[in-house]
Amino acid sequence: MRRFWLLFAQTVTVCLGILFIINTLRPDWLRVGGTAQRQGSVSNAVPIASYADAVQRASPSVVNIYTSKRVLEPVLPLLDDPELARLFGDLPGFSRSRRATTLGSGVIVSRDGYILTNYHVIESADAIEVALADGRVSNARFVGADPETDLAVLKIEEEALPPIVWADTGAARVGDVVLAIGNPFGVGQTITIGIVSALGRNRLGINMYENFIQTDAAINPGNSGGALIDTQGRLIGINTAIYSETGGSLGIGFAIPASVVQKVFEDIEKQGFVTRGWIGVEPQDITPDLAQAFSLAAQEGVIVARIVPQSPAAEAGLRVGDIIREINGETVTNTAGFLSQIARVEPGAQAMLRILRGGKARRIEMQVAQRPARR
């Protein structure tokens with residue numbers, strides 16, 4: 001019995017020694033089972049989030065836009081004066097001509113070749129070229145623009161164009177993940193990611209009609225006119241501006257909502273201009289000092305600061321200093337809201353304004369006109 005016990009003890013000792021040597025020299029031999037188990041657990045885990053499908057759907061619809069125009073540069077420092085440049089700038093020997101090029105982005109919105117971009121991307125351009133995601137390059141024709149929202153429509157003659165899918169109206173929510181697609185700094189198509197930081201941003205001094213989506217997705221020079229998409233690859237906005245003191249992205253970018261973009265595109269495609277109501281007044285927000293001066297209990301409404309001669313407002317008897325409180329039953333809160341409310345009224349339709357004049361409530365009815373094109 002003692003002999004068997006010694007034999008068992010020696011066997012165990014030898015086995016432990018072998019295991020020690022293997023663990024020291026080739027530890028991977030002992031981890032085969034553990035590796036298989038870990039691999040099995042990884043395969044059953046939730047997959048890492050990816051937006052590749054959304055990018056694959058939307059990126060073929062985003063194009064690069066290259067524009068060029070002739071620019072006159074003064075030869076003499078004296079021509080830095082605007083008046084002298086206007087008088088002598090075109091004369092031979094006083095200035096030299098060069099071609100200035102700019103770049104931006106655009107979005108294909110129909111199979112017919114219509115492309116949306118920012119107006120400032122193609123403004124005053126002599127030639128416009130569009131580079132598609134598949135490598136094709138085409139000359140673009142200018143169809144129309146709406147400087148009030150900084151949007152423009154181009155058209156190219158190409159086949160098998162992939163139009164982007166529009167998101168539903170009001171689909172964007174604060175906190176939603178969004179992706180910006182464009183051509184920043186001319187490096188080629190680039191995708192950046194962020195969230196919707198805010199909706200309905202206005203009073204930024206960028207456009208006449210402002211209703212921006214704010215996002216922290218990186219938007220840099222060259223991204224203008226590109227697509228802001230959701231995680232399903234649908235268009236929720238057109239990237240248009242950034243807030244920056246250096247020219248680079250600081251996490252505050254602005255996009256024009258798809259609902260506004262679609263309305264502008266449909267009007268320009270159909271009639272060459274955007275239909276907006278206009279009554280010919282220059283409104284001013286009511287500040288606390290103005291509210292106190294006019295003995296107003298609240299700062300709601302706008303004050304008429306100026307009236308355009310022979311406009312609907314002038315013909316209806318509206319006066320400078322009148323306070324507009326309602327239009328067609330809708331409360332007027334500020335200047336940006338008032339301009340949008342007027343713009344939504346169809347030209348030729350009647351608008352009923354409720355105003356305060358000298359502390360007394362009045363009602364004025366007028367026929368809304370088409371807003372004149374900006375020159």
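Residues numbered from 1 in each chain as written. Predicted model: local features only at pLDDT ≥ 70, side-chain atom pairs only at ≥ 80, totals over all residues. Heavy atoms only, no water.

## Side note on the overall build of the protein chain
Just so we agree on the cut-off: Starting at the N terminus, helices and strands are each numbered in turn, a helix being any DSSP run of H or I of at least four residues and a strand any DSSP run of E of at least two. Relative accessibility thresholds used throughout: buried, under 20% of the residue-type maximum; exposed, over 50%; partly exposed, between the two (1.4 Å probe, protein chains only). Contacts are assigned to residue pairs that have any heavy atoms within 4.5 Å of one another. Shrake-Rupley sampling with a 1.4 Å probe provides the accessible areas, and residues are treated as covered by the protein chains on show and by no other component.
When helices and strands are tallied, the protein chain shows nine helices and 22 strands. Relative to its 375 residues, the protein chain shows a buried fraction of 40%. When contacts within the protein chain are restricted to residue pairs at least 6 apart in sequence, those whose partners lie at least 24 apart make up 60%. Of the roughly 21,200 Å² of accessible surface on the protein chain, 54% is carried by carbon and sulfur atoms.

## Structural notes on the environment of V345
Within the element layout of this structure, V345 appears in the loop between helix 9 (335–344) and strand 20 (350–357). Taking the relative accessible area as the measure of exposure, V345 reaches 12% and is therefore buried. Once the C-alpha coordinates of V345 and Q367 are considered, the two residues, 22 residues apart in sequence, prove to be 9.9 Å apart. Apart from residues lying up to four places away in sequence, V345 is in contact with R276, G277, N328 and V368.

## Overview of helix 6 (residues 258–271)
Put simply, the rule reads: In a helix, the anticipated span is given by 1.5 Å times the number of residues less one.
An ideal rise of 1.5 Å per residue puts 20 Å on 14 residues; helix 6 measures up with 20 Å between its terminal C-alpha atoms. Buried within helix 6 are the following residues: A258, V261, V264, F265, D267 and I268. Among the structural elements, strand 3 (114–118), strand 6 (141–146), strand 7 (151–155), strand 8 (165–166), strand 13 (234–242) and strand 14 (253–257) are those in contact with the buried residues of helix 6. Phi turns positive, to about 85°, at G272, one or two residues after helix 6.

## Some remarks on the pattern of salt bridges
Note the following rule: In the sections that follow, a salt bridge refers to a side-chain nitrogen of Lys or Arg positioned within 4 Å of a carboxyl oxygen of Asp or Glu.
One pass over the full model with this rule turns up 13 salt bridges. Across the pair R306 and E282 runs a salt bridge whose closest N-O atoms are separated by 3.3 Å. Pair noted here: R306 is in strand 17 (residues 302–307) and E282 is in strand 16 (residues 281–285), with a separation of 24 residues, a long-range link. The exposure class of E282 is partly exposed, given its relative accessible area of 40%. A salt bridge links R354 to E326, with the shortest nitrogen-to-oxygen separation between them at 3.5 Å. Placement of R354 in strand 20 and of E326 in strand 18 (residues 323–327) is noted, with a sequence separation of 28 residues between them. Looking at R354, the relative accessible area reads 25%, which means it is partly exposed. A single network of salt bridges, built from pairs that share partners, joins D134, R136 and E158.

## Quick notes on the nonpolar core
Here is the rule: Buried residues of nine kinds, namely Ala, Val, Leu, Ile, Met, Phe, Trp, Tyr and Cys, make up a nonpolar core once their side-chain atoms join them within 4.5 Å.
Ranked by size, the top nonpolar core spans 26 residues in total, and within it V109, L116, I164, W166, A227, I229 and V261 carry the most contacts. Among the elements that make up this core, the one with the highest residue count is helix 6 (five residues). Discounting residues that sit within four places of it in the chain, L116 has contacts with G106, V107, V109, A152, V153, W166, G225, V261 and F265. Counting 19 residues, the second largest nonpolar core, distinct from the first, contains I279, I307, L353 and I364.

## Things to note about the environment of A291
Here A291 is to be found in helix 7 (residues 288–293). Here A291 is in contact with I286, L296 and Q299, once residues within four sequence places are set aside.

## A word on the confidence of the model for the protein chain
Note the cut-off: Per-residue confidence from the predictor is reported as pLDDT, a score between 0 and 100.
For the protein chain, the mean per-residue pLDDT works out to 83, and 81% of the residues sit at or above 70. For residues 33–42, every residue scores under 50 in pLDDT, and the model assigns this stretch zero contacts once sequence neighbours within four places are set aside.

## Describing the side chain of S61
Mapped onto the fold, S61 is located in the loop between helix 3 (52–58) and strand 1 (62–74). Judged by relative accessible area, which is 1%, S61 ranks as buried. In this view, S61 contacts G106, V107, I108, P162, P163 and I164; residues no more than four positions away in its chain are not counted.

## What about the packing of aromatic side chains?
The criterion, for reference: Two rings from Phe, Tyr or Trp (for Trp, the six-membered ring) form a pair when their centres sit within 6.5 Å of each other. Planes less than 30 degrees apart are called stacked, planes more than 60 degrees apart edge-to-face, and all others tilted. Charge over a ring is defined by NZ of Lys or CZ of Arg lying within 6 Å of the ring centre and within 35 degrees of the ring normal.
Enumeration according to the criterion identifies two aromatic pairs in this entry. Taking the centre distance of 5.8 Å and the plane angle of 65° together, the rings of Y114 and F265 count as edge-to-face. Of this pair, Y114 sits in strand 3 while F265 sits in helix 6, and the two are 151 residues apart along the sequence. The same class applies to Y114 and to F265, which are both buried. An angle of 50° between the planes, with centres 5.8 Å apart, marks the rings of F212 and F254 as tilted. Here the residue F212 occupies a position in strand 11 (residues 212–215), and F254 occupies one in strand 14, the gap between them amounting to 42 residues. Just as F212 is buried, F254 falls in that class too. The ring of Y114 carries the charged tip of K155 above its face, separated from the ring centre by 5.4 Å.

## What to know about the pairing of strand 13
Spelled out, the test is: At least two bridges found by DSSP between two strands is the condition for calling them paired.
With eight of nine residues buried, strand 13 lies mostly within the body of the structure. Inspection of the sheet shows strand 8 paired to strand 13 by two bridges, in the parallel sense. Looking at strand 13, one finds that V165 is bridged to R234. One ladder, built from three bridges, connects strand 12 (residues 227–229) with strand 13; its direction is antiparallel. Across the sheet, the residue bridging to A227 is I238, located in strand 13.

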